[in-house]
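So the chains spell out like this:
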Amino acid sequence: MARPTTAVIDTGALRHNLAQVRGRAPGSRVMAVVKADGYGHGLERVARSLAGADAFGVAALSDAERLRAAGVSQPILLLSGFDEPSDIGRMRALHVDSAIHHASQIEMLEQADPGELIGCWLKIDTGMHRLGFAPEHAREAHARLSAIPGVVGEIRLLNHFASSDEFDDSPSHGRQTREQMRIFHDTVAGLPGERSLANSAAVLGWPDAHADWVRAGGALYGMSVVEGRTGADFGLQPAMTFATRLIAINHIRKGERVGYSATWECPEDMPIGVAAIGYGDGYPRAAPSGTPMLVNGRRAPLVGRVSMDLVTIDLRGVPEARVGDPVTLWGPELPVETIALAAGTIGYELTCSITRRVRFVER
Ligand SMILES: *Cc1c(COP(=O)(O)O)cnc(C)c1O
């Protein structure tokens, strides 16, 4: 039997989520962020499903190449920009826009062949302190960029939030986001060009930040980054179901221990299911005993360590389970956020971590 581990991608859910994002930001255009292979859902598949997006955001020029090869005609933004002069010609040929976050990029553009036109989004560091020009240097950067003949059209203006998953629902919440918005508006006041501030969390919780373009990633895949809430809480549909099958059911005696390092002890004589999934497929090894799974659609807890190819499951609550029955690791009936919380991470990391041996199926 072939390994039964699959990631089922619901392309209808992707389209539904795009419509939800549009509904929440009706005055904005939507850039679909498809970095990291569409958050692990498959770049071309996601782009095809989200053909209604106004633009796409990627983190690698090779991803922009794949999108153009797949026939994507919308604008594409390289979110971290180019990092060597030879990228500029490639980006020009592909009609890919660049984020400009550092003086070294402006220098490369100044020295580039003036025939090489490129669309630019100037990134301002309003408090995330990762990429972007400090507010006091942003206008000078804008002026230098504007003077380069190869820069096409109006320079767009970009900000990235650090804590937009904290909504503006109490005086103590959302302070950093309010401050980032204020710094952004003060910095760009009077400059021409479209503005883009919001990631998914800001689409969901910060309507004042929607501006001309929202840049949505997680929400399009049906995920939430808001602590304690799932995509479904915002009307989003999870686009991925990660599933496998039971390949064994064993009856283990009370007091026996299960799995590597014998971390879990049977409290009574009991059935232990073995499913064909492990960290070699992208299921997190950090998931502890008690992390829920669905066996035949019913919740049953993981017990013992996750191994590379297999997990062990307490089947006392699912006595009718048989070898070959379906096991769901996450999906619409079991939010990836629940598994992420148990494993000490976020849903994004889990969907991005599915490995190549998993079979992808579209629905
Ligand atoms: C990843 C990314 C986004 C999308 O973030 P989500 O939380 O997935 O919506 C938006 N903008 C930039 C610059 C990013 O790197």
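Throughout this description, residue numbers start from 1 for each chain and increase along the sequence as written. Reporting in this predicted model follows two pLDDT cut-offs: at least 70 for local features of residues, and 80 or more for side-chain atom pairs to be given and counted; totals over whole chains, interfaces and linings ignore these cut-offs and use all residues. Water and hydrogen atoms play no part in the side-chain values, which are based on all heavy atoms of the structure.

## With respect to the site of the ligand
So, step 1. One heavy atom within 4 Å of a molecule or strand makes the whole residue count as near it. Residues in contact with the ligand amount to 13 residues; listed here are only the nearest, Lys35, Tyr39, Ser200, Gly218 and Tyr348.
So, step 2. Any N or O atom pair separated by 3.5 Å or less is treated as a polar contact, with the protein-specific requirement of one donor-capable and one acceptor-capable atom, and with residues adjacent in sequence counted only for side-chain atom pairs. Here Ser200 contributes a side-chain N or O atom positioned 2.5 Å from an oxygen atom of the ligand.
So, step 3. Here Gly217 contributes a backbone N or O atom positioned 2.9 Å from an oxygen atom of the ligand.
So, step 4. Note on areas: Shrake-Rupley with a 1.4 Å probe; residue coverage comes only from the protein chains shown. The protein chains hide 91% of the 390 Å² of surface that the ligand would expose on its own.

## Considering the domain arrangement of the protein chain
So, step 1. Either an automatic procedure or a domain database provided the assignment from which the domain bounds are taken. When its domains are assigned, the protein chain resolves into domain 1 (11-228) and domain 2 (240-362).
So, step 2. Taking only C-alpha atoms into account, the centre of domain 1 sits 37 Å from that of domain 2.
So, step 3. Taken together, the contact between domain 1 and domain 2 spans 13 residues of the former and 9 residues of the latter.
So, step 4. Roughly 1,100 Å² is buried in total at the junction of domain 1 and domain 2, and carbon and sulfur atoms are behind 60% of that figure.
So, step 5. Summed over the three residues of domain 1 that lose the most area to domain 2, namely Tyr39, Arg45 and Met223, the buried surface amounts to 41% of that side.
So, step 6. Salt bridge, as used here, is a side-chain nitrogen of Lys or Arg placed within 4 Å of a carboxyl oxygen of Asp or Glu. The interface formed by domain 1 and domain 2 includes 2 salt bridges.
So, step 7. A salt bridge links Arg45 to Glu362; the shortest N-O distance between them is 2.9 Å.
So, step 8. Counting the contacts that link domain 1 with domain 2 gives 4 residue pairs in polar contact (both at pLDDT 80 or more).
So, step 9. Runs of E in the DSSP output that reach at least two residues are strands. Runs of H or I that reach at least four are helices, and both are numbered from the N terminus. Secondary structure elements with two or more residues in the side of domain 1 that touches domain 2: helix H2 (35-39) and helix H3 (43-49).
So, step 10. Classes in brief: Ala, Val, Leu, Ile, Met, Phe, Trp, Tyr, Cys and Pro nonpolar; Asp, Glu, Lys and Arg charged; the others, Gly included, polar. When grouped by side-chain class, the residues that make up the side of domain 1 that touches domain 2 number 4 nonpolar, 7 polar and 2 charged. Throughout, a contact is declared for two residues whenever any of their heavy atoms are within 4.5 Å. Two parts placed together each lose some accessible area under a 1.4 Å probe, and adding up what both lose gives the buried area.

## With respect to the pattern of salt bridges
So, step 1. Applying the stated criterion to the full structure yields 23 salt bridges.
So, step 2. Note that Arg29 is salt-bridged to Glu194, the shortest N-O span being 2.4 Å. In this pair, Arg29 is assigned in strand S2 (residues 29-33) and Glu194 in the loop between helix H8 (175-188) and strand S8 (195-196), connecting sequence segments 165 residues apart.
So, step 3. We classify Arg29 as partly exposed; its relative accessible area is 35%.
So, step 4. A salt bridge links Arg357 to Asp281, with the shortest nitrogen-to-oxygen separation between them at 2.7 Å. Note that Arg357 is positioned in the loop between helix H11 (347-352) and strand S18 (359-362) and Asp281 in the loop between strand S13 (270-275) and strand S14 (292-295), a separation of 76 residues in sequence.
So, step 5. Looking at Arg357, the relative accessible area reads 38%, which means it is partly exposed.
So, step 6. Three or more residues are tied together by salt bridges with common partners; here these are Arg3, Asp281, Asp309 and Arg357. Only protein chains enter the calculation, and the probe is 1.4 Å; a residue is then buried if its accessible area is under 20% of its type maximum, exposed if over 50%, and partly exposed in between.

## Describing the pairing of strand S6 (residues 120-123)
So, step 1. Both faces of S6 are covered, namely the face carrying Cys120 and Leu122 and the face carrying Trp121 and Lys123.
So, step 2. Think of it this way: DSSP has to see at least two bridges between two strands before they count as a pair. Here 3 bridges tie strand S5 (residues 96-100) to S6, and the two strands are oriented parallel to one another. The residue bridging Ala99 from the neighbouring strand is Trp121, located in S6.
So, step 3. Seen with its strands pointing away from the viewer, a crossover is right-handed if its path from the first strand over the helix to the second goes clockwise. Note on the crossover from S5 through helix H6 (residues 103-111) to S6: the handedness is right-handed.
So, step 4. Where S6 lies against strand S7 (residues 156-158), 3 bridges are found, and the strand directions are parallel. Counted as the bridge partner of Trp121 is Arg156 from S7.
So, step 5. Note on the crossover from S6 through helix H7 (residues 135-146) to S7: the handedness is right-handed.

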